[in-house]
Structures are given as C-alpha cells and as structure tokens.
Amino acid sequence: STNNIALSYRNYNASNHYYLRSVVLTVSGTSLTKGALTDFTAYPVNYISMGYDATAQKVVVVYKNQTSGDQEVRVGTISGTSISYGSAAITGQSNPRDPSLVYDSRLQKLMFSTSQSPTNAYAITISGTTATISAATQLSASTAYYSISVYDVNAQRTVTFYTDSGGSLGYYNVYALGETN
C-alpha cells in the first residue's frame, strides 16, 4: 500500500551477534533508495522469512530467537521510508528452522511452515501491530529440513517442500489450512 519494499536480514555487529535489521527500499524508475537501517532485536536471530499480508496491508517477519530458541513473529508497519514492528508473538515450535511465509488468498492471511521435528504450518491473524498465531497443523512427524512453501491461487492450496535429515529424499504436502485433508 506504500509502494515500498521492506527487507529484513541478520546484521553482524562487533559482539558476534546477528540482530534483526530492517530497511525500507523505494523504487523510482530503475533507481532504488534506502531508508534508515534499524536493528529491532537486542539478541541474535536466525532463519528469517518475510511476507506481505495484502488484507491487513502489513509486513510480517518470522525468525528464530537464538538466545531463547523461540520462533517469533512480528508485524511491521511502513511509514514513509521507515518501518516499525509490534511486539513478538511466539509460536511454541521447538528448535524451529526454515520458516517460509506465503499469503493465502482463500484465508486472506499469511501462513507459514517451519521445518524441524515436527514440520508444522501456522496461519497468522493480524490486528494492528499484533500477530496471533493459529494452533500448529502438523505436516510431517519426521525431522525435516530446508522447507519452502508456495501458494497456488487457482487450486487455493499451499504446497510445502522439504528434505529428510540426510538431504537425500524430498517430500511435499499439499494442504489448505482450516480444511480437513
């Protein structure tokens, strides 16, 4: 809704920590202008994924808090060339990895999968700058790695791909959150 791009990544600092840093990028023709770089955590993070909720017109970032081990979800609001985030919501996923955010146009919500054991999917409800996370929908009971999800707007289904712990076998799940498969 602001015609900007939000980017989040791990910012290395001198204390050997990787904090969550975000920046707003503005496109004009073939030029890209960046806003202020802002760190949003005082603890190291890993496994970052971002998405845009078209219904709420908000940016969402999912990451692992490396200090607590929790998976956190934050709602971002872009104003001009800056971004601010609400408080972190916690998924309860144990040792999460590889979150993959997609916008589910059927639910009109962002959803994400996360790999590890088990591999779960969640829907995110946004109210202002607060994220509420649905109960987990288990996709796989086995240990999974390198998950990535895509949303098929015609079939109104999400497909999540992942590998086994050895990386030798690939798997996928086709599902619609909120429906029985």
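Residues numbered from 1 in each chain as written. Predicted model: local features only at pLDDT ≥ 70, side-chain atom pairs only at ≥ 80, totals over all residues. Heavy atoms only, no water.

Peer 1: Teacher, can you tell me more about the nonpolar core here?
Peer 2: Ranked by size, the top nonpolar core spans 13 residues in total, and within it Val60, Val62, Val73, Leu101, Phe112, Ile124 and Ala131 carry the most contacts. Counting only elements with at least two residues in this core, the list comes to strand E6 (58–65), strand E7 (71–79), strand E11 (109–115), strand E12 (119–127) and strand E13 (130–133). Among the elements that make up this core, the one with the highest residue count is E12 (three residues). Each residue touching Ala131, except ones within four places of it in the same chain, is listed here: Val73, Val75, Ala89, Ile124 and Thr125. In terms of nonpolar packing, the next biggest core, distinct from the first, is built from 11 residues, Leu20, Phe40, Tyr43 and Ile78 among them. (Core = buried A, V, L, I, M, F, W, Y, C linked by side-chain atoms within 4.5 Å. Buried < 20%, exposed > 50% of the residue type's maximum accessible area, 1.4 Å probe, protein only. Helix = DSSP H or I, 4+ residues; strand = E, 2+ residues; numbered from the N terminus. Contact = heavy atoms within 4.5 Å.)

Peer 1: Help me understand a nonpolar patch on the surface, please; the structure alone is not making it clear to me.
Peer 2: Taken together, the side chains of Ile148, Val150, Phe161, Tyr172 and Val174 make up a nonpolar region of the molecular surface, amounting to roughly 500 Å² of accessible area. Listed by contribution, the elements that provide at least two residues to the nonpolar patch are strand E15 (145–152) and strand E17 (170–175). (Patch = residues over 30% accessible without salt bridge, like charges linked within 9 Å, V, L, I, M, F, W, Y side chains within 5 Å. Areas by Shrake-Rupley, 256 points an atom, 1.4 Å probe, with all protein chains shown as cover. Salt bridge = Lys/Arg side-chain N within 4 Å of Asp/Glu carboxyl O.)

Peer 1: I tried to follow the pattern of salt bridges on my own but got confused; where do I start?
Peer 2: Once the charged atoms of two side chains with opposite charge are near each other, the side chains can pair. For the coordinates displayed, the defined rule picks out three salt bridges. Here Asp39 and Arg21 are joined by a salt bridge, their closest N and O atoms 3.0 Å apart. One end of the pair, Asp39, is in strand E4 (residues 38–39); the other, Arg21, is in strand E2 (residues 18–28), and 18 residues separate them in sequence. Here Asp98 and Arg97 are joined by a salt bridge, their closest N and O atoms 3.9 Å apart.

Peer 1: Just to check I follow, could you spell out the layout of surface pockets for this structure?
Peer 2: Any empty space left between the atoms is revealed when a probe the size of a water molecule rolls over them. Considering only enclosed or pocket space, the largest pocket measures out at about 180 Å³ in volume. In terms of lining, the largest pocket is formed by 15 residues, of which the most central are Thr2, Asn4, Tyr52, Val59 and Ile78. When contributions to the lining of the largest pocket are tallied by element, the ones reaching two or more residues are strand E1 (4–12), strand E5 (45–53), E6 and E7. Per-class residue counts for the lining of the largest pocket are six nonpolar, eight polar and one charged. (1 Å grid on protein atoms, 1.4 Å probe; cavity = no way out; pocket = protein on both sides within 12 Å on 5 of 7 lines; lining within 4 Å. Points joined across faces, edges and corners; volume = space filled by probe spheres on them. Nonpolar A, V, L, I, M, F, W, Y, C, P; charged D, E, K, R; others polar.)

Peer 1: Can you walk me through the side chain of Ser8 in this structure?
Peer 2: Structurally, Ser8 is set in strand E1. At a separation of 2.5 Å, a polar atom in the side chain of Ser8 contacts the side chain of Ser22. At 3.1 Å, the side chain of Ser8 and the side chain of Tyr85 are in polar contact. Once residues within four sequence positions are removed from consideration, Ser8 is found in contact with Leu20, Arg21, Ser22, Ile48, Met50, Val61 and Tyr85. (Polar contact = N/O pair within 3.5 Å; in protein donor to acceptor, adjacent residues only side chain to side chain.)

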